[in-house]
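Each chain, written out:
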Amino acid sequence: MGAHARPNRFHRTGVRIASVALVGAALPIGAAGLAQAATPDDTPHATATETDQGTAARTDEQAGPAIKADHAFLLDARDGSQERELWAGAKADESVPVASTTKIMTAVVVLKHPEWLDRQITVKQEYRDYVAKVGASTADLQTGDTLTARQLLHAMLIPSGADAARALADNFGNGDTEEARIADFIAQMNAEAQQLGLKGTHFDSVDGINEGNGHSTARDLAKLGQRAMLQPVFAEVVKNTQYKTEAPAANGHTRYYTWNNTNELLSTYDGALGVKTGSGPEDGYCVVFAAERDNRTLIGVILGDDTGRFDDATKVLDWGFAH
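Note that this is a predicted model, so its numbers are computed, not measured.

Student: Summarise the packing of helix 3 (residues 103–110) against helix 7 (residues 178–195); cite the residues concerned and give the values.
Tutor: For any two helices packed against each other, the geometry comes down to the angle between their axes and how far apart the axes lie. Close contact between helix 3 and helix 7 brings their axes to 10 Å; oriented N to C, the two are set at 95°. One way to sum up the angle between helix 3 and helix 7 is to call them roughly perpendicular. On the side of helix 3, the interface is formed by Met105, Thr106, Val108, Val109 and Val110, while helix 7 contributes Phe185, Gln188, Met189, Glu192 and Ala193. When its residues are assigned to classes, the contact of helix 3 with helix 7 shows seven nonpolar, two polar and one charged.

Set out below in structure tokens:
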């Protein structure tokens, strides 16, 4: 496994585990009503205590889950094709950097061309150099190995490989140079965001390494996550806690890859479906999450949290399924 730069307290887009082995070959009361209410009758009336309790219950219901993050949102995806807001944090519509959750949109753009999922893509040294330069998370793709676009989606979404994101953008973008192709791919990402009505969202990278103008909102990311989960390929990828695959190596041997998912909800929350984690020095800890229970699918977002993002996500989901 190659060495990876870790210049910050944590990876800009999240700590990822990737192992590689080379082996052989988310009723008003009117005036009449007031007069009637003032007339004594035999109808039982709620006591002050009962009224206070009812008000407290409604206040608690409206307050939402007790979590630390303000940049948070939860929607009910119902059958997957519809969405209904369940709860919004105080800053659910404030645009902030979103780290590797950016890669959800990268995958959505790639999946607009399902006919290309079996396209063979050769890993360039430039992808590895980029990861080392910016200190990004990696799938530890080895130079000269040949993987399909489908395999690279796994490499990007499970261990959050920025090298895989670069490889996909370089091969799905248009242009005469790698820089031009990636710029074109980012333009496709922003066009898709506009089409989906994500008004608080703008991308300036394919992997979440912020170039100064990359941002989104918790509400927007929940909508994006819901749309992404409608894609069977995407949903199938992000539910994996671990993924193993193999690819032809440059020397003619077979390379064996093992990628581990840092989304702890997949192994700790009953019904968890995904979706994507992220972290960075400016972004904090982020997670777009989804879970299904009793034929209900909830999709939520936590942005700019601390190391308690999974605890907060659990509280949000528990609250959502209870309402």
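Let's pick the thread back up.
Student: Help me get a handle on the packing of aromatic side chains, residues and values and all.
Tutor: To describe a pair of aromatic rings, one takes the distance between the centres and the angle between the planes. Tallying each qualifying case throughout the model produces three aromatic pairs. Centre to centre, the rings of Trp116 and Phe172 are 5.4 Å apart; their planes meet at 55°, and the pair counts as tilted. Taken together, the residues Trp116 in the loop between helix 3 and strand 4 (120–122) and Phe172 in helix 6 (residues 162–172) connect sequence positions 56 residues apart. Classification of Trp116 by relative accessible area gives partly exposed; the value is 29%. Here Phe172 falls in the buried class, since its relative accessible area comes to 4%. Here the aromatic rings of Tyr257 and Trp259 are separated by 5.3 Å at their centres, their planes lie at 35°, and the arrangement is tilted. One aromatic cluster is present, built from ring pairs that chain together Tyr243, Tyr257 and Trp259. In this structure, Arg166 is placed above the aromatic ring of Tyr130, and the distance from its NZ or CZ to the ring centre is 4.0 Å.

Student: Describe the pairing of strand 6 (residues 242–248), with residues and values.
Tutor: As defined by bridge partners, strand 6 adjoins strand 7 (residues 254–260) across seven bridges and the pair is classed as antiparallel. If you follow Pro248 over to strand 7, its bridge partner there is Thr254. What sits between strand 6 and strand 7 in their antiparallel hairpin is a turn of five residues, with Gly252 showing a positive phi close to 90°.

Student: Describe helix 4 (residues 125–134), and please don't skip the residues or the numbers.
Tutor: When we look at burial in helix 4, the residues that qualify are Tyr127, Arg128, Tyr130, Val131 and Val134. Buried residues along helix 4 cover an arc of 155° about the axis, so they all sit on one side. Tucked into the core, helix 4 has its buried residues touching strand 4, helix 6 and helix 7. Looking one or two places after helix 4, you find Gly135, whose phi comes out positive at around 70°.

Student: Hey, could you go over the sheet that holds strand 2 (residues 72–76) for me, with residue numbers and the actual values?
Tutor: Taken in spatial order, the five strands make up an open sheet running 3-2-10-9-8, and their pairing is antiparallel. Taken across any chain shown, the strands that pair with only one partner, and hence form the sheet edges, are strand 3 (84–88) and strand 8 (272–280). With strand direction ignored, the average angle separating the axes of adjacent strands in the sheet is 10°. Direction of pairing for strand 2 relative to strand 10 (residues 296–305): antiparallel, over a ladder of five bridges. Paired with Leu74 across the strands is Gly300, a residue of strand 10. Against the sheet, helix 8 (residues 218–229) contacts strand 2, strand 3, strand 8, strand 9 (284–293) and strand 10, and its axis sits at roughly 140° relative to strand 10.

Student: Can you explain the nonpolar core? Please cite residues and give values.
Tutor: Membership of the largest hydrophobic core comes to 62 residues, with the highest contact counts inside it found for Met105, Leu141, Leu168 and Phe234. In contact with Met105, not counting residues within four places along its chain, are Met189, Glu192, Ala193, Leu196, Leu198, Phe203 and Leu224. Ala72, Leu265, Val316 and Leu317 belong to the second-largest nonpolar core, a separate cluster that totals 21 residues.

Student: Tell me about the pattern of salt bridges, and name the residues and values.
Tutor: In this structure the tally under the stated criterion is 13 salt bridges. A salt bridge links Glu85 to Arg219; the nearest nitrogen and oxygen atoms lie 2.8 Å apart. Of the two residues, Glu85 is situated in strand 3 and Arg219 in helix 8; the sequence distance between them amounts to 134 residues. Take Arg219: its relative accessible area is 19%, and that puts it in the buried class. It is possible to trace a salt-bridge network through shared partners that takes in Asp76, Arg84 and Arg296.

Procedures and definitions
- Residues numbered from 1 in each chain as written.
- Predicted model: local features only at pLDDT ≥ 70, side-chain atom pairs only at ≥ 80, totals over all residues.
- Heavy atoms only, no water.
- Axes fitted to C-alpha atoms, helices over the stretch in contact; angles between N-to-C directions.
- Helix = DSSP H or I, 4+ residues; strand = E, 2+ residues; numbered from the N terminus.
- Parallel < 35°, antiparallel > 145°, perpendicular 65-115°, else oblique.
- Contact = heavy atoms within 4.5 Å.
- Nonpolar A, V, L, I, M, F, W, Y, C, P; charged D, E, K, R; others polar.
- Phe/Tyr/Trp six-rings, centres within 6.5 Å; stacked < 30°, edge-to-face > 60°.
- Buried < 20%, exposed > 50% of the residue type's maximum accessible area, 1.4 Å probe, protein only.
- Lys NZ or Arg CZ within 6 Å of the ring centre and 35° of its normal.
- Pairing = 2+ DSSP bridges.
- Arc of directions from axis to C-beta.
- Core = buried A, V, L, I, M, F, W, Y, C linked by side-chain atoms within 4.5 Å.
- Salt bridge = Lys/Arg side-chain N within 4 Å of Asp/Glu carboxyl O.

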